[in-house]
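Take a look at the letters that make up each chain.
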Amino acid sequence: MNPAAKCLILLLSGFVLCPVLMVLHELRHYAVGSCLGFKATLHYGATTWSAAEEKSMPQAAALAVSAGPLGDAVLAGAGLLWLYRLRGHRREAPPTPVDWLATILAVQAGRWLRGFTGPPSSPQPPDEAFISQALGMPAWLLPYLLALLCLIPLGAMLRLHPPGARLLPFTCLIVGACAGGLVWLKVLGRFLLP
């Protein structure tokens, strides 16, 4: 496959799979919250329940909020292990489409890099900051720790790809994922899951 076609496929894969993974993240919040008795509402970029429910059951709220990031961690870990099984013995060979699917799952760990951006400015803290506070730690601690820790699986994932063929494919994948996420959050999601 020529490099242009491979980059286009990776761009489109990131564009489509990023919104799918975002919805799965929110569905985990919704499912756990509903199972724990919250009147959860699924939106395109968040799952909500009333503040009164959250205050009356703080441990249940922490569990429901933890479901999204925990599922992302499981997907990232499974993707990294799958990628290692696929590529551990053939690191110099060109990646196959299945290798890239495992890579996309492993890239889920990259969501924690946003912890390096500093304290949240929005009124509702990100999941990790909420979990950190629920555990009695400062809101910034868990996001920063996860941002540092995610560098390990991301580095391992990069090393499982051929040294001379990393920059362009990963750039295409990341640009596609960012574009797909923006289109979902700013346009499509507002119509499909208001």
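Note that the coordinates shown come from a computational prediction; the quantities given were computed from them, not determined experimentally.

Draft legend 1. Examining the overall build of the chain more closely. Scanning the chain from terminus to terminus reveals eight helices and two strands. Overall, the chain shows an N-to-C arrangement of helices and strands of α-β-β-α-α-α-α-α-α-α. In terms of overall size, the chain behaves like a compact globule, its C-alpha atoms giving a radius of gyration of 18 Å where 194 residues would be expected to give roughly 16 Å. Along the first, second and third principal axes, the C-alpha atoms of the chain reach 55 × 35 × 30 Å. Taking all 194 residues of the chain together, 36% fall into the buried category. Here the chain displays about 10800 Å² of accessible surface, and carbon together with sulfur accounts for 74% of that area. Across the chain, the 14 positively charged side chains and the 8 negatively charged ones have centroids separated by 8 Å.

Draft legend 2. Spotlight on helix α8 (residues 167-192). Along α8, the largest kink reaches about 50 degrees and is centred on W184. Looking at α8, one finds that the buried residues are P169, F170, C172, L173, G176, G180, G181, W184 and G189. For α8, the secondary structure elements touched by its buried residues are α1 (3-35), α4 (97-106) and α7 (151-159).

Draft legend 3. Spotlight on the pattern of salt bridges. Within this structure, the stated rule accounts for five salt bridges. Close ionic contact of R28 with D72 constitutes a salt bridge, the shortest N to O distance being 2.5 Å. Taken together, the positions of R28 in helix α1 and D72 in helix α3 (residues 58-87) put the pair 44 residues apart, joining distant regions of the chain. You'll find R28 and D72 in the same group, each marked buried. In this structure, the salt-bridge partner of D72 is R111, at a minimum N-O distance of 2.9 Å. In this pair, D72 is assigned in helix α3 and R111 in the loop between α4 and α5 (127-134), connecting sequence segments 39 residues apart. Assigned by exposure class, D72 and R111 land together as buried. If you follow the salt bridges from partner to partner, you end up with R28, D72, R111 and E128 in one network.

Draft legend 4. Summary view of the environment of R166. Looking at where R166 falls in the secondary structure, it is placed in the loop between α7 and α8. C-alpha separation for the pair R166 and F15, spaced 151 residues apart in sequence, amounts to 19 Å. Sequence-distant contacts of R166, defined by excluding residues within four places in its chain, comprise L158, R159 and H161. For R166, the side chain forms a polar contact with the main-chain oxygen of H161, separated by 3.1 Å.

Draft legend 5. Molecular detail of the packing of α1 against α3. Remark: α1 packs on α3, axes separated minimally by 8 Å, with the N-to-C direction vectors making an angle of 140 degrees. In terms of orientation, α1 and α3 fall into the oblique class. Where α1 crosses over α3, the two elements pack in a sense that is right-handed. Touching L21, H25, R28, H29, V32 and G33 of α1 are L63, A64, V65, A67, G68, P69, G71, D72 and L75, all from α3.

Draft legend 6. Spatial organisation of the nonpolar core. Formed by 19 residues in total, the largest nonpolar core has its most connected members in A109 and M157. Only α1, α3, α4, α7 and α8 provide two or more residues apiece to this core. Among the elements that make up this core, the one with the highest residue count is α4 (four residues). Every residue in contact with M157, bar those within four places of it in the chain, is listed here: L80, L83, T103, A106, V107 and F170. Core analysis: the second largest hydrophobic core is formed by 11 residues, A40, A60, A62 and L142 among them.

Definitions and limits used
- Residues numbered from 1 in each chain as written.
- Predicted model: local features only at pLDDT ≥ 70, side-chain atom pairs only at ≥ 80, totals over all residues.
- Heavy atoms only, no water.
- Helix = DSSP H or I, 4+ residues; strand = E, 2+ residues; numbered from the N terminus.
- Rg over C-alpha atoms; globule rule 2.2 N^0.38 Å.
- Buried < 20%, exposed > 50% of the residue type's maximum accessible area, 1.4 Å probe, protein only.
- Areas by Shrake-Rupley, 256 points an atom, 1.4 Å probe, with all protein chains shown as cover.
- Lys, Arg positive; Asp, Glu negative; His and termini not counted.
- Charge placed at Lys NZ, Arg CZ, Asp CG, Glu CD.
- Bend = angle between axes of the 7 residues up to and from the residue.
- Contact = heavy atoms within 4.5 Å.
- Salt bridge = Lys/Arg side-chain N within 4 Å of Asp/Glu carboxyl O.
- Polar contact = N/O pair within 3.5 Å; in protein donor to acceptor, adjacent residues only side chain to side chain.
- Axes fitted to C-alpha atoms, helices over the stretch in contact; angles between N-to-C directions.
- Parallel < 35°, antiparallel > 145°, perpendicular 65-115°, else oblique.
- Left-handed = near helix turned anticlockwise from the far one by under 90°.
- Core = buried A, V, L, I, M, F, W, Y, C linked by side-chain atoms within 4.5 Å.

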